[in-house]
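Per-entry structural report
Spelled out, the chains give:
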Amino acid sequence: MKKQYVSVTAKFDPDGNVIPLRINWDDGRNFDIEQITDVRFAASVKTGGSGIRYTVRIKTHERYLFLEENRWFIENNQAS
């Protein structure tokens, strides 16, 4: 497992909450976030680091998306 930093399209609601909408990969692939099922401050036990952890559903997959300071990352088990 390693940290994979990604670009994220997000919006701010009127209360100042950050809501991720889409994960944008460097190779041009984009994945819409269909549902956010949980938001909490948490550590990534698999890759290290901590921040706001969003549990997101993309198609049939559930993933953790982290906002660590000003950068987004996911836990990736694939080689780059």
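Heads up: these notes are all about the structure in this document. (Residues numbered from 1 in each chain as written. Predicted model: local features only at pLDDT ≥ 70, side-chain atom pairs only at ≥ 80, totals over all residues. Heavy atoms only, no water.)

**Describing the sheet that holds strand β6 (residues 61-68)**
Spatially, β3-β2-β1-β7-β6-β5-β4 is the arrangement adopted by the seven strands of the open sheet, whose pairing is antiparallel. Each of the sheet's edge strands pairs with one partner strand only, and the pair in question is β3 (30-32) and β4 (35-43). Adjacent strand axes in the sheet meet at a mean angle of 40° when their direction is disregarded. Pairing of strand β5 (residues 50-58) with β6, which is carried by seven bridges, proceeds in the antiparallel orientation. Bridging across to β6, R57 finds its partner in E62. (Pairing = 2+ DSSP bridges. Helix = DSSP H or I, 4+ residues; strand = E, 2+ residues; numbered from the N terminus. Axes fitted to C-alpha atoms, helices over the stretch in contact; angles between N-to-C directions.)

**Notes on the environment of E68**
Within the element layout of this structure, E68 appears in strand β6. Using a relative accessible area of 15% as the deciding quantity, one classes E68 as buried. Each C-alpha atom, one on E68 and one on Y5, is 10.0 Å from the other, the two residues being 63 residues apart in sequence. If sequence neighbours within four positions are ignored, E68 has contacts with K3, Y5, G49, S50, G51 and F73. (Buried < 20%, exposed > 50% of the residue type's maximum accessible area, 1.4 Å probe, protein only. Contact = heavy atoms within 4.5 Å.)

**Digging into the side chain of Q4**
You can see Q4 is positioned in strand β1 (residues 2-12). Judged by relative accessible area, Q4 falls into the buried class, the value being 15%.

**So, the environment of S50**
Within the secondary structure, S50 sits in strand β5. According to the relative accessible area criterion, S50 is partly exposed, its value standing at 30%. Contact partners of S50, with chain neighbours within four places excluded, come to F41, A42, A43 and E68.

**Here's the deal with the pattern of salt bridges**
Using the criterion set out here, one finds six salt bridges in the structure. For E68, the salt bridge is made with K3, and the minimal N-O distance between the two is 3.0 Å. Here K3 lies in strand β1 and E68 lies in strand β6, a separation of 65 residues in the sequence. Residues joined in a network through salt bridges with shared partners are D38, R40 and R53. (Salt bridge = Lys/Arg side-chain N within 4 Å of Asp/Glu carboxyl O.)

**Here's the deal with the pairing of strand β7 (residues 71-76)**
The element β7 is largely enclosed, with a buried count of five among its six residues. Where β1 and β7 come together, five bridges link them in antiparallel fashion. If you follow K3 over to β7, its bridge partner there is E75. Strand direction decides the pairing type here: β6 and β7, joined by four bridges, are antiparallel. Bridge pairing in β7 places L65 opposite I74. Hairpin remark: β6 followed by β7, antiparallel, with two residues in the connecting loop; positive phi at E69, about 55°.

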